[in-house]
Structure formats: structure tokens, C-alpha cells
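Listed here are the chains, written in short residue letters.
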Amino acid sequence: MTVPPEFRPEFIESQPEWRSALQEIERFGICGLNLLATGPDPLSHEVGLVLLALPDTEYVANCFELGHDILRDLAWLLENKKIRKVLYDAKFCISFVRASESRKLYAENIFDLLLASQICWSGYYELSPSSSPKNPWKKRAPDHSLAALAERHLGIRLNDVLGKSLLELCSDERIDDLSSESIKSAAMQTAVLLPIHSILEQLIDKNCL
């Protein structure tokens, strides 16, 4: 199974288009955010792609083409308390933007899907038969990976569609050499952020968490 052909993120190719995307984010008051970096260490690697998800579209911005000044705009976005930013494992994104700006980042209104899932499913275990006569059932904590969240809450098997995580994509291929299919795969991982956020937010509110 491959990325659905109808899935087409918009590629930001100029500063005016980038500014227009930021204005859309302000208008909606929410966005999903992912970064594709050249490696996992913010002190020795750099951001290559910025991936944004809005309620009606997905954007891909290449930092090497637009300039790393756009990360200054991301710092503004992360610190803007009027806009909700939905991320998975937010410390990855925040650490890279902080390193690029060489200053402390006061991120506000962040919704981290990883932490939200851990809160929602705290105390729950999956049971499977055990071969031990003393303990007939084995307990396993729920999987909180992005692929698991997409399957659990949206019925989407990201592993089947994508095959690689964001980190695997950036370690297997240089940013400049990423195929359009790989970039679409990364954008699709960003596209599921807002739908999962909507479900987890309802669970948190419903259960007074």
C-alpha cells in the first residue's frame, strides 16, 4: 500500500506563500506541526522541512530553499498563546527551534499527542494469554506511537501506508534527495495530527483529565 494518490500537500516555494500560510494559521487558530531534520541532534543537525497541517490543507516548506529565517517565524508561532499547536513528541520540534534561535523558547498552547495519549490511557493494559500457570495473563501497556494512535483513533494504518517514520526518512535519505513520495509520506504523518487531537481533546474533557 502506498500514499493515496489523491493526497497532495501544497509546497511553499516563496516567502509570500510562507507568509500567506502563517496568516491562514492565525485565521484558524490551530495547526499541526512536524519537522524533518537531517538527524536527531538539534546541536549538530538542522531542520530541512517544515510540515504544517491546517483543517483544510497540508503545507511543506523547504528550509534550504526558503532560508532558515523561517524558523524564527516558527519560534513566534510556538510562543503565540492564541494559536494551538498540535505536535507529536513536542520536545523534538521545540529543541530544534530553540537551537536555531540560540535562546530560551517560551512555548505556549501546545497540545502534545504523545503526552495526551499517555494521560488518556494511564492505568489501562492489554491482556494476552501467558504460559505461566501462576500468571495466566500478561499485561502490556498501550502503544503510544503515532502509528498506534492513528490506527486506534482513526482506523488508519500508517505503517502500511508509509513504511518509514520521520526519523527513518531523515536518516535513510538526505533532505535534498528526498523523493516526492517520501515528502508526501512525511506530510501524511502531519495530516493525522489534527484529527487525533480532536478525539483526545474530547476524551480529556469528558473524563475531567
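Let me begin by describing the structure that accompanies this report. The numbers attached to residues start from 1 for each chain and follow its sequence in the written order. Since the coordinates come from a predicted model, pLDDT governs what is reported: local features require at least 70, and pairs of side-chain atoms require 80 or more to be given and counted, while whole-chain, interface and lining totals use all residues. By convention in this description, side-chain values take in all heavy atoms of the structure and omit both hydrogens and water.

## Details of the sheet that holds strand 2 (residues 30–37)
For sheets, the rule is that strands pair by backbone hydrogen bonds, running either parallel or antiparallel. As a reminder of what qualifies: Strand pairing is assigned whenever DSSP detects at least two bridges linking the two strands. A helix here means a DSSP run of H or I that spans at least four residues, while a strand means a run of E at least two residues long, and both kinds are numbered starting from the N terminus. For helices, the axis comes from a line fit to the C-alpha atoms of the stretch in contact; other axes are also lines fit to C-alpha atoms, and the angle between any two N-to-C directions lies between 0 and 180 degrees. Contacts are assigned to residue pairs that have any heavy atoms within 4.5 Å of one another.
With respect to topology, six strands assemble into an open sheet ordered 1-4-3-2-5-6, the strand pairing being mixed. The outermost strands of the open sheet, each flanked by one partner alone, are strand 1 (10–12) and strand 6 (110–112). If you compare each strand with its neighbour and ignore which way they point, the axes differ by 25° on average. Here six bridges tie strand 2 to strand 3 (residues 47–54), and the two strands are oriented antiparallel to one another. Across the sheet, L35 pairs through a bridge with V50, a residue of strand 3. Here helix 9 (residues 180–191) sits on the sheet and contacts strand 1, strand 2, strand 3 and strand 4 (57–62); the angle it forms with strand 3, its principal contact strand, is near 45°.

## A closer look at the environment of S95
Put simply, the rule is: To sort residues, take the accessible area from a 1.4 Å probe on protein chains only and compare it with the maximum for the residue type: under 20% means buried, over 50% means exposed, and anything in between is partly exposed. The definition of a polar contact used here is a pair of N or O atoms within 3.5 Å, where within protein one atom must be able to donate a hydrogen and the other to accept one, and adjacent residues in sequence count solely through side-chain atom pairs.
Relative to the assigned elements, S95 resides in helix 4 (residues 90–101). Overall, S95 belongs to the buried group, its relative accessible area being 19%. As for S95 and P42, which are separated by 53 residues in sequence, their C-alpha atoms are 6.4 Å apart. One polar contact links the side chain of S95 to the main-chain carbonyl oxygen of F92, over a distance of 2.8 Å.

## Considering the environment of P136
Structurally, the position occupied by P136 is in the loop between strand 7 (126–129) and strand 8 (137–140). Other than its neighbours up to four places away in sequence, P136 contacts S128, P129 and S130.

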